[in-house]
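Coordinate inspection notes
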Amino acid sequence: AQTVTQSQPEMSVQEAETVTLSCTYDTSENNYYLFWYKQPPSRQMILVIRQEAYKQQNATENRFSVNFQKAAKSFSLKISDSQLGDTAMYFCAFMEAYGQNFVFGPGTRLSVLP
Amino acid sequence: EAGVTQFPSHSVIEKGQTVTLRCDPISGHDNLYWYRRVMGKEIKFLLHFVKESKQDESGMPNNRFLAERTGGTYSTLKVQPAELEDSGVYFCASSQQGLVDTQYFGPGTRLTVL
């Protein structure tokens with residue numbers, strides 16, 4: 001069974017600085033998808049960024065980018081120019097290529113400090 | 001377009017009581033999912049509906065949990081009788097047919113069993 005690990009339960013970063021959230025996963029599959037979801041306080045979870053395992057190029061969405069290391073089974077999220085609105089729980093998630101549901105990590109609580 | 005909605009946002013019940021959670025998916029989304037996050041742990045998959053049929057209920061913890069999706073629109077998740085370990089946040093998500101990797105999440109229902 002696949003597992004997803006996020007080794008940082010909590011992190012903080014100063015506004016405008018850069019922060020990297022770690023995620024590792026375990027799978028025997030070759031084709032799969034990886035995701036970062038964000039859940040702001042008292043709000044619903046939204047997709048931040050996704051990566052297809054067959055793509056070597058790291059995904060980027062504005063200030064959010066990933067460092068996908070397939071051999072190492074690592075999928076870290078970098079947030080550049082952190083903003084107060086980035087304060088949230090961040091969940092790393094895995095889905096098999098022909099799967100139907102996510103496997104989530106335990107989450108990292110990120111606080112952006114003014 | 002309205003997002004995924006869940007009701008209630010919070011529920012506090014005593015052990016042994018019954019609680020019913022409701023999820024309204026995005027209109028037209030055939031796929032509906034239930035997930036649960038027990039405090040401090042990872043979000044775990046419970047089950048997946050395709051229209052009114054249960055596609056996968058492998059994550060349902062035991063027979064105290066009953067999910068329905070009559071008519072293929074909204075879904076309910078009943079817990080009867082509730083136990084202390086059922087406390088957590090219950091998330092619902094929906095996706096379009098054929099796009100299981102693009103799931104839209106609701107805000108969750110926080111269930112507390114005393």
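Refer to the structure above for everything that follows.
Residues numbered from 1 in each chain as written. Chains lettered and ligands numbered in written order. Predicted model: local features only at pLDDT ≥ 70, side-chain atom pairs only at ≥ 80, totals over all residues. Heavy atoms only, no water.

Next up on the list: the overall build of chain B. In terms of helices and strands, chain B carries zero helices and eleven strands. Ordered by position from the N terminus, the helices and strands of chain B form the series β-β-β-β-β-β-β-β-β-β-β. Taken against the 2.2 N^0.38 rule, which gives 13 Å for 114 residues, the C-alpha radius of gyration of chain B at 13 Å falls within 12% of a compact globule. For chain B, the C-alpha atoms occupy an extent of roughly 40 × 25 × 25 Å along the three principal directions. Considering only intrachain contacts with a sequence separation of at least 6, the fraction spanning at least 24 residues in chain B is 53%. Per element, the accessible surface of chain B, about 5,600 Å² overall, is 48% carbon and sulfur. For chain B, the centre of its 12 positive side-chain charges and the centre of its 13 negative side-chain charges are spaced 4 Å apart. (Helix = DSSP H or I, 4+ residues; strand = E, 2+ residues; numbered from the N terminus. Rg over C-alpha atoms; globule rule 2.2 N^0.38 Å. Contact = heavy atoms within 4.5 Å. Areas by Shrake-Rupley, 256 points an atom, 1.4 Å probe, with all protein chains shown as cover. Lys, Arg positive; Asp, Glu negative; His and termini not counted. Charge placed at Lys NZ, Arg CZ, Asp CG, Glu CD.)

In terms of regular secondary structure, chain A is built from zero helices and twelve strands. The linear arrangement of helices and strands in chain A, starting from the amino end, is β-β-β-β-β-β-β-β-β-β-β-β. Against the 2.2 N^0.38 benchmark of 13 Å for 114 residues, chain A shows a C-alpha radius of gyration of 14 Å, consistent with a compact globule. For chain A, the spread of C-alpha atoms along the principal axes amounts to about 40 × 30 × 20 Å. Across the 114 residues in chain A, those meeting the buried criterion constitute 46%. With an accessible surface of roughly 5,800 Å², chain A has 44% of that area assigned to carbon and sulfur atoms. Counting 9 positive and 10 negative side-chain charges, chain A places the averaged centre of each group 3 Å from the other. (Buried < 20%, exposed > 50% of the residue type's maximum accessible area, 1.4 Å probe, protein only.)

With that settled, the discussion passes to the side chain of B:Ser11. Positionally, B:Ser11 belongs in strand 2 (residues 10–13). Other than its neighbours up to four places away in sequence, B:Ser11 contacts B:Val19, B:Arg110, B:Leu111 and B:Thr112.

The next thing to look at is the state of the cysteines. For the structure on display, the rule yields two disulfides over all chains. The residue that forms a disulfide with A:Cys23 is A:Cys92, at a sulfur-sulfur distance of 2.0 Å. On the sign convention where negative is left-handed, the bridge of A:Cys23 and A:Cys92, at about -70° about the S-S bond, is left-handed. Separated by 69 residues along the polypeptide, A:Cys23 in the loop between strand 3 (19–21) and strand 4 (24–26) and A:Cys92 in strand 10 (residues 88–96) bring together distant segments of the chain. This pair shows no difference in class: A:Cys23 is buried, exactly as A:Cys92 is. Two residues share a disulfide in this structure: B:Cys23 and B:Cys92, whose sulfurs sit 1.8 Å from each other. Because the torsion about its S-S bond is -60°, the bridge between B:Cys23 and B:Cys92 counts as left-handed. Taken together, the residues span a long stretch of sequence, with B:Cys23 in strand 3 (residues 19–24) and B:Cys92 in strand 9 (residues 88–95) at a distance of 69 residues. Taking relative accessible area as the criterion, B:Cys23 reaches 0% and is therefore assigned buried. The class for B:Cys92 is buried, based on a relative accessible area of 0%. (Disulfide = S-S within 2.5 Å.)

Turning our eyes to something else, we now look at the nonpolar core. Residue and element names in this part refer to chain A. One finds Tyr25, Trp36, Phe75, Leu77 and Tyr90 to be the most contacted residues of the largest nonpolar core, which totals 25 residues. Broken down by secondary-structure element, the contributors of at least two residues to this core are strand 3, strand 5 (32–39), strand 6 (46–52), strand 8 (64–69), strand 9 (74–79), strand 10 and strand 12 (108–113). Of the residues forming this core, the biggest block, four residues, is contributed by strand 10. Those residues in contact with tyrosine 25, other than ones at most four positions away along the chain, are Thr3, Val4, Tyr32, Leu34, Phe68, Gln69, Lys70, Lys73, Ser74, Phe75 and Phe94. (Core = buried A, V, L, I, M, F, W, Y, C linked by side-chain atoms within 4.5 Å.)

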